[in-house]
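Residue-level listing of the chains:
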Amino acid sequence: MQKKWKQYLAAAGVAAGVFLGMKYLLPLLLPFLAGLFLAVLVLPAARQLEKKFKISRSLTGAVMIFALLVLIGWILIRGASALIVQAQNLFEEIGVLAEGWEHMLDNCCNVIERYAGISSQDTREFLLLQFRSVSSQLKEKFSPAMLTYLLRLMKGSIAAVTTVVISYVFAVLLVKDLDEWNKKLSSWPALVKWKKIWQEMLCAGGRYFKAQIIIMAIISAACMGGLFLLKNPYYLIVGILIGFLDALPFIGTGTVLIPWAAVLLLQGEAAQAAGYFLLFVTTAVLREFLEPKLIGGKLGIAPAAMLISVYLGIIGYGVSGVILGPLTLMLLQAIFREWGWWRERK
């Protein structure tokens, strides 16, 4: 019994250490981890070029990593430009759409009067009063909030540029020395277990996040296709947004599509409302079909445990907990399995 309690205390200590490391140490190591990823990515090609043409791998690695970063930046800029154009068009249309909200408000008030017996005029005045009150409060808080946002944006931009530069320099240095580092680290017996734990976590994490990215891409494509067929001019930006929301726990596509369908129904556009509801059902069925196929029991972690890890991750890490929560669980699984503390699911 005493041995079990010691094991439980050790497991709790390891879990606390992993959590603190993920929360406070990982952000500091992020540029170096990104550099390691870039170096591993280009190292095979750099080796081949060095062997074939006798060109220094440092030089070829630097050129390839720079080209890769430029390509990634170009893709991000082009994608962001397309999204910004649609967002601008959407905001320009808000003034036109606002005219339809008055008609929808009248319909809602009439429905309330019909079923609840409350005067539609009284309901309308009450709702408009609440709207004006909220608007005035938002205006009071908007200026300082906007200034704070701009300062954070500037700080974030500087941090992002610094991270890219550090990652690039570190990656170039690693391309030259990574083979030598591997030999030295492999000769340390104390690091053999940790290397195995690291590889196991990377394997499980890669499998999980690859599946989630595939599911998110398919859901986004389905949403964009459905919205295009429904003649929504903002099918691109809205489809991507809904696909992203679907990947978040406790949210899903219904957060957007069901209220949208309800609004269209209140406006008397029953066919459009049915289309949006059908799109919601399609995306829900797609996720239920894809998740077991792509993930299933391959990770050895119960789906409920994965959901709890995401929830606790959001509480412990913030928004990044959507990713860090499952990563923490997978790292703990790898450590406990290596130490014989993990019972595999049958």
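Scroll up to find the structure this text is about.
Residues numbered from 1 in each chain as written. Predicted model: local features only at pLDDT ≥ 70, side-chain atom pairs only at ≥ 80, totals over all residues. Heavy atoms only, no water.

## Considerations on a nonpolar patch on the surface
Where nonpolar side chains cluster on the molecular surface, the patch consists of Leu25, Leu28, Leu29, Leu30, Phe32, Leu33, Ile166, Trp198 and Leu202 and spans about 790 Å² of accessible area. Of all the secondary structure elements, the ones that give two or more residues to the nonpolar patch are helix 1 (2–53) and helix 4 (189–229). A per-element tally of the nonpolar patch places helix 1 first, with six residues. The exposure class assigned to isoleucine 166 is partly exposed, which follows from its relative accessible area of 32%. (Patch = residues over 30% accessible without salt bridge, like charges linked within 9 Å, V, L, I, M, F, W, Y side chains within 5 Å. Areas by Shrake-Rupley, 256 points an atom, 1.4 Å probe, with all protein chains shown as cover. Salt bridge = Lys/Arg side-chain N within 4 Å of Asp/Glu carboxyl O. Helix = DSSP H or I, 4+ residues; strand = E, 2+ residues; numbered from the N terminus. Buried < 20%, exposed > 50% of the residue type's maximum accessible area, 1.4 Å probe, protein only.)

## Remarks on unusual backbone geometry
Of note in this structure, lysine 54 is not a glycine but carries a positive phi near 60°. Relative accessible area serves as the criterion here: at 71%, lysine 54 is assigned to the exposed category. Despite not being glycine, lysine 231 shows a phi value in the positive range, around 65°. If you trace the backbone, lysine 231 turns up in the loop between helix 4 and helix 5 (235–247). With relative accessibility at 74%, the residue lysine 231 sits in the exposed group.

## Looking at the packing of helix 8 (residues 303–317) against helix 9 (residues 321–338)
The N-to-C vectors of helix 8 and helix 9 enclose an angle of 120°; their axes lie 7 Å apart at closest approach. Comparing the axis directions of helix 8 and helix 9 gives the class oblique. For the pair helix 8 and helix 9, the sense of crossing is right-handed. Residues Ala305, Met306, Ser309, Val310, Gly313, Ile314 and Tyr317 of helix 8 pack against Gly321, Val322, Leu324, Gly325, Pro326, Thr328, Leu329 and Met330 of helix 9. Taken together, the residues of the contact of helix 8 with helix 9 break down into 10 nonpolar, five polar and no charged. (Axes fitted to C-alpha atoms, helices over the stretch in contact; angles between N-to-C directions. Parallel < 35°, antiparallel > 145°, perpendicular 65-115°, else oblique. Left-handed = near helix turned anticlockwise from the far one by under 90°. Contact = heavy atoms within 4.5 Å. Nonpolar A, V, L, I, M, F, W, Y, C, P; charged D, E, K, R; others polar.)

## Examining the packing of aromatic side chains
A full pass over the atoms with the stated rule returns six aromatic pairs. Plain terms: the ring middles of phenylalanine 19 and tyrosine 317 are 5.2 Å apart, the flat faces sit at 35° to each other, and that makes the pair tilted. Note that phenylalanine 19 is positioned in helix 1 and tyrosine 317 in helix 8, a separation of 298 residues in sequence. (Phe/Tyr/Trp six-rings, centres within 6.5 Å; stacked < 30°, edge-to-face > 60°.)

## Brief notes about the nonpolar core
Judged by nonpolar contacts, the single largest core of 20 residues is most densely connected at Val18, Met22, Leu331 and Ile335. For this core, the secondary-structure elements that each account for two or more residues are helix 1, helix 4, helix 8 and helix 9. Excluding residues that lie within four positions of it along the chain, valine 18 makes contacts with Tyr317, Thr328, Leu331, Leu332 and Ile335. In this structure, Ile215, Leu230, Val238 and Tyr276 belong to the second largest nonpolar core, which totals 16 residues. (Core = buried A, V, L, I, M, F, W, Y, C linked by side-chain atoms within 4.5 Å.)

## Regarding helix 5
Helix length check: helix 5 (13 residues) gives 18 Å between terminal C-alpha atoms against 18 Å at 1.5 Å per residue, within 8%. Where helix 5 is concerned, the buried positions are Val238, Gly239, Ile242, Gly243, Leu245 and Asp246. For helix 5, the arc enclosing every buried residue in end-on projection is 160°, short of the 170-degree limit, so these residues lie on one face. (Expected span 1.5 Å × (residues − 1). Arc of directions from axis to C-beta.)

## Thoughts on helix 8
An α-helix turns once per 3.6 residues; consequently, residues spaced three or four apart project the same way. In this model helix 8 runs 20 Å from its N-terminal to its C-terminal C-alpha over 15 residues, within 8% of the 21 Å that 1.5 Å per residue would give. Within the span of helix 8, buried status applies to Met306, Ser309, Val310, Gly313, Gly316 and Tyr317. Down the axis of helix 8, the smallest arc covering the buried residues is 140°, so these residues share one side. Relative to its buried face, helix 8 has exposed residues pointing more than 90 degrees away, namely Ala304, Leu312 and Ile315.

## What about the environment of valine 175?
With respect to the secondary-structure elements, valine 175 resides in helix 3 (residues 120–186). The spacing of valine 175 and alanine 46 is 129 residues in sequence and 7.8 Å in space, taken between C-alpha atoms. Beyond its immediate chain neighbours, meaning those up to four positions away, valine 175 contacts Ala39, Val42, Leu43, Ala46, Arg57, Gly61 and Ile65.

## Observations concerning the pattern of salt bridges
The full count for this structure, using the stated rule, is two salt bridges. Here glutamate 50 and arginine 57 are joined by a salt bridge, their closest N and O atoms 3.0 Å apart.

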